[in-house]
Amino acid sequence: QNDASLAFCKNLGVKTKEIDDFKLSAQIAEAIGKEYGFPLGFREGVHLDDGFNIVEFEEDSDGNEVAVKAGFVRVSKTGDNNEDPNNLTYGKQLLGSSVSEGSVLMEHPRLGLDARVKIGLITGLAINKEDVPAGSDLLFGEDVSSGLGADLYFSYNLAPIIGISQTFLDINTTFAFPVAKFNEDLDEVPEVVPFILSAYLGATKKVWFGSSNLSLFGGGGIESLNLAGKLLGEDYIYSVRSIGFKFAGDFEKLITPDISINLGLQYKYALPPMQLAITWGDFYDITYEGADVIDLYPDLSLSALGFNLGVNYALGELPINIFGFLDPFKKH
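Just so it is clear, the structure is predicted and the values come from calculations on it, not from any experiment. Sequence order sets the numbering: in each chain, residues are counted from 1 along the sequence as written. Two thresholds apply to this predicted model, a pLDDT of at least 70 for residue-level local features and 80 or more for giving and counting side-chain atom pairs, whereas whole-chain, interface and lining totals are computed over all residues. To obtain the side-chain values, all non-hydrogen atoms of the structure were included, while hydrogens and water were left out.

**Q** Looking at this model, I keep getting lost on the overall build of the protein chain. Mind explaining?
**A** From N to C terminus, the protein chain includes three helices and 19 strands. Our radius of gyration is a C-alpha quantity, and the globule rule it is checked against amounts to 2.2 Å times the number of residues to the power 0.38. Relative to the globule expectation of 20 Å for 332 residues, the C-alpha radius of gyration of the protein chain, 25 Å, shows a markedly less compact shape. Over its C-alpha atoms, taken along the principal directions, the protein chain stretches across nearly 75 × 40 × 40 Å. A 1.4 Å probe rolled over the protein chains alone gives each residue an accessible area, and that area as a share of the maximum for its type sets the label: buried under 20%, exposed over 50%, partly exposed in between. For the protein chain, the residues scored as buried account for 44% of the 332 residues in total. Two residues qualify as a contact provided that any one of their heavy atoms is within 4.5 Å of a heavy atom in the partner residue. Of all intrachain contacts in the protein chain linking residues separated by at least 6 positions in sequence, the fraction that spans at least 24 positions is 68%. Here the open area of atoms and residues is found with the Shrake-Rupley method and a 1.4 Å probe, where only the protein chains shown may cover a residue. With an accessible surface of roughly 16800 Å², the protein chain has 58% of that area assigned to carbon and sulfur atoms. For the purpose of counting charges, residues Lys and Arg are taken to be positive, whereas Asp and Glu are taken to be negative. His and the chain ends are not included. Working definition for charges: the position is that of NZ of Lys, CZ of Arg, CG of Asp or CD of Glu. Looking at the protein chain, you have 24 positive and 47 negative side-chain charges, and the mean spots of the two groups are 7 Å apart. Put simply, DSSP H or I for four residues or longer makes a helix, DSSP E for two residues or longer makes a strand, and each gets a number counted from the N terminus.

If you want it as structure tokens, here you go:
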């Protein structure tokens, strides 16, 4: 209940700040190229990596003054105006043409949490067809060396906590389907789905140049080869697990303040399998660990190289309070 309440309050806070009358705003006091200083700071709750839109005021067809977005700025240094009200906050422009002193910046509120989705190809797997059973037969007619997969990242911006811009704490899950032909000797294809599932905890650092960036990710977690479905009318789950390490690099291009697209390369290194778990209906549930699993799968490797294309979205709301325990530590 506490997490649900906090998630609701955070979402409500962002929604409230999306109303122009509640947004922080200030005129640019200093302009050096595409870096601007403006009189907001810690006193107003501004943090490192917060976003501000450059706005220009125009009249609409009814004669009303409206704010038109002309660019986007991200805070690179927050001014400590609690001690000295003359301390300015500085930001770098990522989108739009450069402007001069007197132009208006208006807050672009977000949760400080990004969601990234990537799809792509993985290759380099070493899954022998004997490693994927379908009852008394084998599911595949050939060894598996590649797959099609999707990655989901939730990335919490640590910059307001550690003072290093564009540094993220990541939770990453991957869901991939092995690419191989089914065994032609099967009387019928069993009602089971083979897939590779992984979960990682890691960190990402982005280095920006203009509206583009290079990002590097590293993390550790679990890789598992799975079969799930029905076998002879009973629920069947078969899972071989390994400890894994993942490293990824992406080139990313900012399209809007909230959306960017990325093209990347990743490599995951999986240790020899450490656990095998089989559950079949209510009458069979067994787990093997350690050397017993290595003896069963001496050649199995879930290590792979991946190529992917994805999209990154800066979240304005989320129904769960993921990483919320870190919010009280924001200080930069």
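Having put the structure on the table, let's press on.
**Q** Help me understand empty space enclosed by the protein, please; the structure alone is not making it clear to me.
**A** In this approach a probe as big as a water molecule rolls over the atoms, and the regions it shows empty are the leftover space. A pocket, in this scheme, is an open set of points on a 1 Å grid over the protein atoms alone with protein on both sides within 12 Å along at least 5 of 7 lines, while a cavity is a set where a 1.4 Å probe fits but cannot get out; residues line either one if an atom lies within 4 Å of a point. Grid points are joined across faces, edges and corners, and a volume is the space filled by probe spheres set on the points. Using the criterion set out here, one finds two cavities of 30 Å³ or more in the structure. Here the largest cavity defines a volume of roughly 70 Å³. Lining the largest cavity we find Ala7, Lys10, Asn11, Leu111, Gly112, Leu113, Tyr156, Leu318, Ile320, Asn321 and Ile322. When residues of the lining of the largest cavity are assigned to their parent elements, the largest contribution, three residues, is made by helix H1 (residues 2-17). Any residue outside Ala, Val, Leu, Ile, Met, Phe, Trp, Tyr, Cys, Pro, Asp, Glu, Lys and Arg is labelled polar, Gly included; the first ten of those are nonpolar and the last four are charged. Across the lining of the largest cavity, the residue classes break down as seven nonpolar, three polar and one charged. In this structure, the second largest cavity occupies an estimated 60 Å³ of space. Forming the boundary of the second largest cavity are Ile119, Gly120, Leu121, Ile122, Gly149, Asp151, Thr174, Ala176, Gln266, Gly306, Phe307 and Asn308.

**Q** Teacher, can you tell me more about the sheet that holds strand S2 (residues 30-32) here?
**A** Strands belonging to one sheet form pairs held by backbone hydrogen bonds; the direction of such a pair is parallel or antiparallel. Here, a strand pair is defined by DSSP locating no fewer than two bridges between the strands. Within the open sheet, the seven strands sit side by side as S1-S7-S4-S5-S6-S3-S2. Their pairing is antiparallel. At either end of the open sheet lies a strand with only one pairing partner, and these are strand S1 (25-27) and S2. The mean angle between the axes of side-by-side strands here comes to 35°, regardless of whether they run parallel or antiparallel. In this structure, strand S4 (residues 51-59) lies alongside strand S7 (residues 104-108), joined through five bridges in antiparallel fashion. The convention used is that axes are lines fitted to C-alpha atoms, helices contributing only their stretch in contact, and that angles between N-to-C directions extend from 0 to 180 degrees.

**Q** Would you explain the side chain of Asn172 in this entry?
**A** Relative to the assigned elements, Asn172 resides in strand S12 (residues 167-178). Residue Asn172 is classed as buried on the basis of its relative accessible area, which comes to 0%. Polar side-chain contacts of Asn172 include one of 3.1 Å to the side chain of Asp151. Any pair of nitrogen or oxygen atoms within 3.5 Å is treated as a polar contact; in protein, a donor-acceptor pairing is required on top of that, and neighbouring residues in sequence qualify only through side-chain atoms on both sides. Engagement of the side chain of Asn172 in a polar contact is seen with the backbone oxygen of Leu152, the distance being 3.3 Å.

**Q** Mind showing me how you'd approach the packing of aromatic side chains here?
**A** Ring pairs (aromatic) are described by centroid distance and by the angle formed between their planes. Here the aromatic set is Phe, Tyr and Trp, taking the six-membered ring for Trp, and pairing holds for ring centres within 6.5 Å; pairs whose planes are under 30 degrees apart are stacked, those over 60 apart are edge-to-face, and all others are tilted. For the structure shown, the criterion picks out eight aromatic pairs. When the centroid spacing of 4.9 Å and the interplanar angle of 25° are considered together, the rings of Phe175 and Phe195 count as stacked. With Phe175 in strand S12 and Phe195 in strand S13 (residues 191-209), this residue pair connects regions lying 20 residues apart in the sequence. A relative accessible area of 34% means that Phe175 is categorised as partly exposed. A residue is classified by how much of its surface remains accessible, and Phe195, at 12% relative accessible area, is buried. An angle of 35° between the planes, with centres 6.4 Å apart, marks the rings of Phe209 and Phe251 as tilted. Highlighted residues: Phe209 in strand S13 and Phe251 in strand S15 (residues 234-254), separated in sequence by 42 residues.

Remember that the coordinates give geometry; whether it matters functionally is a separate question.
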